[in-house]
Structure formats: C-alpha cells, structure tokens
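# What the coordinates show
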Amino acid sequence: MVMVDDIPFPSEITTTKPLSLLGHGITDIEIHFLQIKFTAIGVYIDPEIVAHLQKWKGKSGTELAEDDEFFDSVISAPVDKYLRIVTIKEIKGSQYGVQLESSVRDRLAADDKYEEEEEAALEQIVEFFQSIYLKKDSVITFSFPATSNIAEIGCSSEGKEEPKTLKVANGNVVEMLKKWYLGGTSAYSPSTISSLANTLSLKLSK
C-alpha cells in the first residue's frame, strides 16, 4: 500500500492486466492561507508504457513535468490507464460533475471540438454525478482501456453498494478527461503530474 495523504492506495490493481501505481497526488485550494484538500489521486498505468516513452530517456522528473509533449505521449500511448480518486473533503457529486464538465468543455472549445455530440456526452456525465453524494473516502474511478476510445467512470460512495458506472463513448470527451488529470502543465493536480514525471523518469533510466 502507498499512503497518499493518509489514504491507502494499492501499489497495483488489475483491470484486464496488472497496472502499477506510477503517480499520485492531491487536489486542493488555498483559502485564507489554509490548504483545503479535496481528493487524493492515484494514477495506474500498464508498466509497458515505458517502451513508448524511450525518446525521453535520461530526462529528469523536473524536466518531464514541464514537458507537455511528454504527457501527450503518456496520454496517447496504447496501454491501459486507470485513475482512482478518493474524496478527502466531502462534496456533492453535482459540484464535482459541473467542475469536470466546465473544464472539459473549455478544453474542447479551445481545440474547436465542442459540437452537439460532445455536449450530449458531457450532459450524461453531469447527470451521472448529480445524484451522488461524495462522502469522505468515496471513490471515483476512470478506466481508459488501451484498445478503445471509451472511458468507464465508476463511483462508490460507501464501499458497500455496487459502484455506479457510466460508459463515455465520445472520443473527444474521453481524450479531454485524460488531459484533465494527465495533461502536463495544464492538468488539474500539479502534485500528481510531478509524481508521475518522477516515477517515469526513474523507470526510463533503468
């Protein structure tokens, strides 16, 4: 187990094959000099990703963290990726959904990829989170299989109930979901990007 802000993350999880915890961090904001932490994040990726990143061999974690082209390659590498996000401070699912929607929508609009299909896919995501209350230790997961352009979002709030899941089949939205969490300097959690860059730098140096 790896502890991320007192929250345990398994060092490996298995989707279709074993994925390793290659990066972790938190999302937070500072209000009146107080750091308020919202979520802890674990990024699980098929270790085979290293074969797709050889171009960056020898670069330090600091260099990689600043290199958006490197993270574009991480996102586009044809390997399974999985995000596990654990709530630290309880929040309404609707707040999380709206935050996700506006961030993804802005990225799509900036790339001129925001059409009716993308809008419909984002509405589904907002609706999915609408009825969920993210208590402390609730888990949100994003699964990005290597072989398809589909993402599966899961959410379990008490650990007891069956997780709710939603499949997102719009390729543009799926790509921007990855970029929200893994998109280098523009990603949602700088601490996660820094951790991922350091781990991959080490793995590339072997």
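See the structure above.
Overview of the structure. (Residues numbered from 1 in each chain as written. Predicted model: local features only at pLDDT ≥ 70, side-chain atom pairs only at ≥ 80, totals over all residues. Heavy atoms only, no water.)

## Let's talk about the packing of helix 3 (residues 93-110) against helix 4 (residues 116-130)
Helix-helix packing is described using two parameters, namely the angle between the two axes and the distance between the axes. Axis separation between helix 3 and helix 4 bottoms out at 7 Å; the angle between their running directions is 165 degrees. When the interaxial angle is binned, helix 3 and helix 4 end up roughly antiparallel. Between helix 3 and helix 4 the crossing geometry is right-handed. Here helix 3 contributes Gly93, Ser94, Tyr96, Gly97, Leu100, Glu101, Val104, Arg105 and Leu108 to the contact with helix 4, which in turn contributes Glu118, Leu122, Ile125, Val126, Phe129 and Gln130. Looking at the contact of helix 3 with helix 4, its residues break down into eight nonpolar, four polar and three charged. (Axes fitted to C-alpha atoms, helices over the stretch in contact; angles between N-to-C directions. Helix = DSSP H or I, 4+ residues; strand = E, 2+ residues; numbered from the N terminus. Parallel < 35°, antiparallel > 145°, perpendicular 65-115°, else oblique. Left-handed = near helix turned anticlockwise from the far one by under 90°. Contact = heavy atoms within 4.5 Å. Nonpolar A, V, L, I, M, F, W, Y, C, P; charged D, E, K, R; others polar.)

## Considerations on helix 2 (residues 68-76)
Along helix 2, the residues classified as buried are Phe70, Phe71, Ser73, Val74 and Ile75. Turning to helix 2, the residues buried within the fold contact strand 5 (34-45), helix 1 (61-65), strand 6 (81-87), helix 5 (171-182) and helix 6 (190-205). Capping of helix 2 at its N-terminal end is provided by Asp67; its side-chain oxygen lies 3.0 Å from the backbone amide nitrogen of Glu69. (Buried < 20%, exposed > 50% of the residue type's maximum accessible area, 1.4 Å probe, protein only. Polar contact = N/O pair within 3.5 Å; in protein donor to acceptor, adjacent residues only side chain to side chain.)

## Side note on the pairing of strand 10 (residues 151-156)
With respect to burial, strand 10 is a largely interior element, five of its six residues being buried. Judged from the five bridges that link them, strand 9 (residues 139-144) and strand 10 form a sheet pairing that is antiparallel. Note that in strand 10 the partner of Val139 across the bridge is Ser156. The antiparallel hairpin formed by strand 9 and strand 10 contains six residues in its connecting segment. When strand 10 meets strand 11 (residues 164-168), the two strands line up antiparallel, connected through five bridges. By the bridge assignment, Cys155 is partnered in strand 11 with Lys164. (Pairing = 2+ DSSP bridges.)

## Here we look at unusual backbone geometry
We note that Asp5 has phi near 50 degrees; this positive angle belongs to a residue other than glycine. Residue placement: Asp5 occurs in the loop between strand 1 (2-4) and strand 2 (7-9). The exposure class of Asp5 is partly exposed, given its relative accessible area of 31%. Look at Asp112: it is not a glycine, yet its phi comes out positive at around 60 degrees. Looking at where Asp112 falls in the secondary structure, it is placed in the loop between helix 3 and helix 4. What makes Asp112 exposed here is its relative accessible area of 67%.

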